[in-house]
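Below, each chain spelled out in residue letters.
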Amino acid sequence: MGILERIAEIEHEMNRTQKNKATEYHLGLLKGKLARLRAELIETKSSGPKGDGFDVKRSGDARVALIGFPSVGKSTLLSTITETEAAVSSIDFTTLQATPGRWEYRGAVIQLLDLPGIIEGAAQGVGRGKQVVSTARTADVVLMMLDATKSHLQRSLLEKELEAVGIRLNKSTPNIYFKVKKGGGISYNATCKQSVLSEKFVYNLLHQYRIFNAEVLVREDVSIDDFIDVVVGNRIYLPCLYVYNKIDAITIEEVDRIAREDHTVVVSIEKDLNMATLKESIWRSLNLLQVYTKRHSEFPDFSDGLILRTGATVEDACRTIHKTLLESFKYALVWGRSAKHNPQRVGLSHPLCNEDVIEIVRK
């Protein structure tokens, strides 16, 4: 029996099992088996040759992947925001390969990646969907394009396909310390009360994965799915922006209801409605910082700032300017929100904030 058949068998057993307190433990073990098989499926597929048109070189400061069903407006959005001429048509599957586009916003160069439309069962390889959803793992933000005129189930179907390849949307990494050891058995401790996770389940799940020596420390109330994700270890946690297109074809009451959902933006690309809000939402989802530099006794250069990740330090700024700058680094002067006083003399470990000004002093 192949991996796909075993996955289908476990999913069938989970669907016909009633969900209650008595079956919670059994369902948890089935989820563990399912996650292990899906991880094996990902490794099997990724070891083969790459699909033509999907191996796109990463460029710019960040990458945004456009994902959605066919004919929802992904290529139209790419052509509107960037200067890329993508194939646009009302016919399904107009885009057959990944199409990159370059977008400059607030001094940052952002790569938009238009991926072919996927269909249900894409995570198992239906319609080249395996390559599409796997390419999304390389992005910094997933932009899920949805059709406002169609059923709301399209969103949950896309989320299911992405979760099947280990992508977790708008979730933070579970606060669990997990380390496989060479001996000593399994050590389990929790610093807070667990509503679902139990020591018995942890032992049996790890034995299912043939792990007999490990240290587990749970620092927050987690679900069974969260613990399985930590054990499997190939999960990617990405921010996702849900973009509902074609709002000009629905009522204002429907637009208002959809717009109130979390991480959601409503637009009409053809009518150019709410596009400015979409661009600003993408920028906020990327969590980028813009830091300006200055020379000694000169004004800061506000025309061209450094683009850094949130949580970046002075060391990261030095590497961005030039990799050899760290060798002659003495200290830095910082103006802005991260400074206790202006200027503040700091070292390499000082965290920077958005729109800070930094001056590097060399030895």
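Description of the structure in this document. Everything quoted here is computed from the prediction, not taken from an experiment.

### Regarding the nonpolar core
In this structure, Val64, Leu77, Leu143 and Leu278 are the most contacted members of the largest nonpolar core, which totals 55 residues. In terms of residue count, the dominant contributor to this core is strand E4 (residues 141-147) (six residues). Beyond its immediate stretch of four places on either side in the chain, leucine 143 contacts Val64, Ala65, Leu66, Ile67, Leu77, Leu241, Val243, Leu278 and Ile282. One finds Ile186, Leu197, Val216 and Ile228 within the second-largest nonpolar core, a separate group that totals 23 residues.

### Some details on the side chain of glutamate 359
With respect to the element layout, glutamate 359 can be found in strand E16 (residues 357-362). A relative accessible area of 5% places glutamate 359 in the buried class. Looking at glutamate 359, its side chain comes within polar contact range of the side chain of lysine 294, at 3.0 Å. In terms of polar contacts, glutamate 359 uses its side chain to reach the side chain of histidine 296, at 3.4 Å. Apart from the residues within four sequence positions on either side, glutamate 359 is in contact with Lys294, Arg295, His296, Tyr331, Ala332, Leu333 and Trp335.

### Let's talk about the pattern of salt bridges
Counted according to the given criterion, the structure contains 15 salt bridges. Salt-bridge contacts for lysine 31 lead to aspartate 225; the nearest nitrogen and oxygen are separated by 3.6 Å. Pair noted here: lysine 31 is in helix H2 (residues 24-46) and aspartate 225 is in helix H7 (residues 224-232), with a separation of 194 residues, a long-range link. On the accessibility criterion, lysine 31 (30% relative accessible area) is partly exposed.

Reading the values: rules and limits
- Residues numbered from 1 in each chain as written.
- Predicted model: local features only at pLDDT ≥ 70, side-chain atom pairs only at ≥ 80, totals over all residues.
- Heavy atoms only, no water.
- Core = buried A, V, L, I, M, F, W, Y, C linked by side-chain atoms within 4.5 Å.
- Buried < 20%, exposed > 50% of the residue type's maximum accessible area, 1.4 Å probe, protein only.
- Helix = DSSP H or I, 4+ residues; strand = E, 2+ residues; numbered from the N terminus.
- Contact = heavy atoms within 4.5 Å.
- Polar contact = N/O pair within 3.5 Å; in protein donor to acceptor, adjacent residues only side chain to side chain.
- Salt bridge = Lys/Arg side-chain N within 4 Å of Asp/Glu carboxyl O.

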